[in-house]
Amino acid sequence: MWISSAPLRISLAGGGTDLPSYARRCGGTVLGATIDLRVTVVGRPATAHRHIRACLDACSGTAAGGVSNPFAREALRRHWDDSPLELASFGDVPGGSGLGSSSAFSVALVAGLEGGRSTAGETAEAASVIEMEGLGRPVGRQDPYLSAFGGFRLLHFHRTGAVEVEEVSVDPRFLRRLDEELLLFFTGRTRDAGEVLGEQSARMRHDDREVERRLGAIKALVPPAVDALKNHDAGALGRVLGEHWDLKRGLGSRVSLPVVDRAYADALDAGAGGGKLLGAGGGGYLLLQAADGVREQVRAAVAAQGFTERPFRFDDRGVRVMEVDPAGPSRRPNPLALPRTGEGTTPVRGW
């Protein structure tokens, strides 16, 4: 039996520039980090049936093509060896909430099916192919790369299709401060990221200069965000988040919601330094930066809109795979990180 888990992520700057509609024309750059909320997949050889018994969205016994979860179905089609298999998954947040849970699920499942033999870069690319090519979703590749590698990362999406992965070192004392000053609130609304991002991709394909301008300005926020981390300046990072959100809201008609706009305005009035909806927008989680003296006022202002705080901390662990013997001690007593080979530039098959 194997247990595989992959972390969720927070995108701090540059989100949206990883979409092929922009990256293959201008090149994209994203700064993001993984957190201590994860998706876990459990698999074991099956003896009571001949195909797959999958307890993902619901339990079913079927051949691979009949698995209801599209991400699992595509991963199994590409990475399963056809041996009888039982699968189950668990997540720390609802799907479609802007923290990259779909990609984390794909990363964890691929890593488990591959037995932890693939590198982080190979696993990230395999998960990207599942979503972008196999399912045809108009999304980018920041989520699987952040989930596979873990930690604070700069991701450079070259026009050739290659991805360059760069580690960003953050002082541990400042990291503890960020754990306190960055607040995460669930709006109570989930959405399909592909549907929200589809409008942005379509506008880029039709040479919408306003969308290209906004994405260029969003990419230009990455260096100030990195500087904020290096200079231990949480307030500057909050301002970057706010500038990012002001630009992001103009990328599509479904990026924000009236209740989110109200909650965000109230949070700023209460003293928040800035923030943004995570992921594609349209619901999910709102990230806010709030210094010590105003934090409780910000919490109260956002809670008044019906949003629920979700505590989290940054965590540098990427995808992990552990083999377990159900009848005895663990064959691998500690979770294993996938090899980090792939740090640097990861070649892919192109756009």
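Rules used in this analysis
- Residues numbered from 1 in each chain as written.
- Predicted model: local features only at pLDDT ≥ 70, side-chain atom pairs only at ≥ 80, totals over all residues.
- Heavy atoms only, no water.
- Helix = DSSP H or I, 4+ residues; strand = E, 2+ residues; numbered from the N terminus.
- Contact = heavy atoms within 4.5 Å.
- Buried < 20%, exposed > 50% of the residue type's maximum accessible area, 1.4 Å probe, protein only.
- pLDDT = per-residue confidence, 0-100.
- Core = buried A, V, L, I, M, F, W, Y, C linked by side-chain atoms within 4.5 Å.
- Pairing = 2+ DSSP bridges.
- Axes fitted to C-alpha atoms, helices over the stretch in contact; angles between N-to-C directions.

## Structural notes on the environment of His232
Consideration 1: Relative to the helices and strands, His232 is located in the loop between helix H9 (222–230) and helix H10 (234–248).
Consideration 2: Considered as a pair, His232 and Asp171 are 61 residues apart in the sequence and their alpha carbons are 7.8 Å apart.
Consideration 3: Contact partners of His232, with chain neighbours within four places excluded, come to Asp171, Phe174 and Arg177.

## Overview of unusual backbone geometry
Consideration 1: In the Ramachandran plot, Asp82 falls in the positive-phi region, its phi being about 75 degrees despite a non-glycine side chain.
Consideration 2: The topology assignment puts Asp82 in the loop between helix H2 (70–79) and strand E5 (85–91).
Consideration 3: On the basis of relative accessibility, which here comes to 57%, the residue Asp82 falls in the exposed class.
Consideration 4: Residue His232 is not a glycine yet carries a positive backbone phi of 60 degrees.

## Structural notes on the side chain of Ser128
Consideration 1: Looking at the secondary structure, you find Ser128 in helix H4 (residues 120–134).
Consideration 2: Assessed through its relative accessible area of 3%, Ser128 is described here as buried.

## A closer look at the confidence of the model for the protein
Consideration 1: Of the residues in the protein, 87% have a pLDDT of 70 or more, and the chain-wide mean is 88.
Consideration 2: Every residue in residues 347–351 scores below 50 in pLDDT, and together they form 17 contacts with partners more than four places removed in sequence or on other chains.

## Some thoughts on the nonpolar core
Consideration 1: Counting 82 residues, the largest nonpolar core has Leu31, Leu109, Phe152, Leu178, Leu229, Leu287 and Phe312 as the members making the most contacts within it.
Consideration 2: Ignoring sequence-local partners within four residues, the contact set of Phe152 consists of Leu12, Gly32, Ala33, Glu166, Glu167, Val168, Val170, Leu175, Leu178, Leu229 and Phe314.
Consideration 3: Counting 19 residues, the second-largest nonpolar core is a separate cluster that includes Leu183, Val255, Val259 and Leu286.

## Description of the sheet that holds strand E11 (residues 308–309)
Backbone hydrogen bonds hold the strands of a sheet together, and the pairing may be parallel or antiparallel.
Consideration 1: One open sheet holds the 4 strands; their spatial order is E9-E10-E8-E11, and the pairing between them is antiparallel. Unpaired on one side and paired on the other, strand E9 (274–277) and E11 mark the two borders of the sheet.
Consideration 2: Here 5 bridges tie strand E8 (residues 182–186) to strand E10 (residues 285–289), and the two strands are oriented antiparallel to one another. Across the sheet, the residue bridging to Leu182 is Gln289, located in E10.
Consideration 3: Across the face of the sheet, H10 comes into contact with E8, E9 and E10 while running at roughly 45 degrees to E9.

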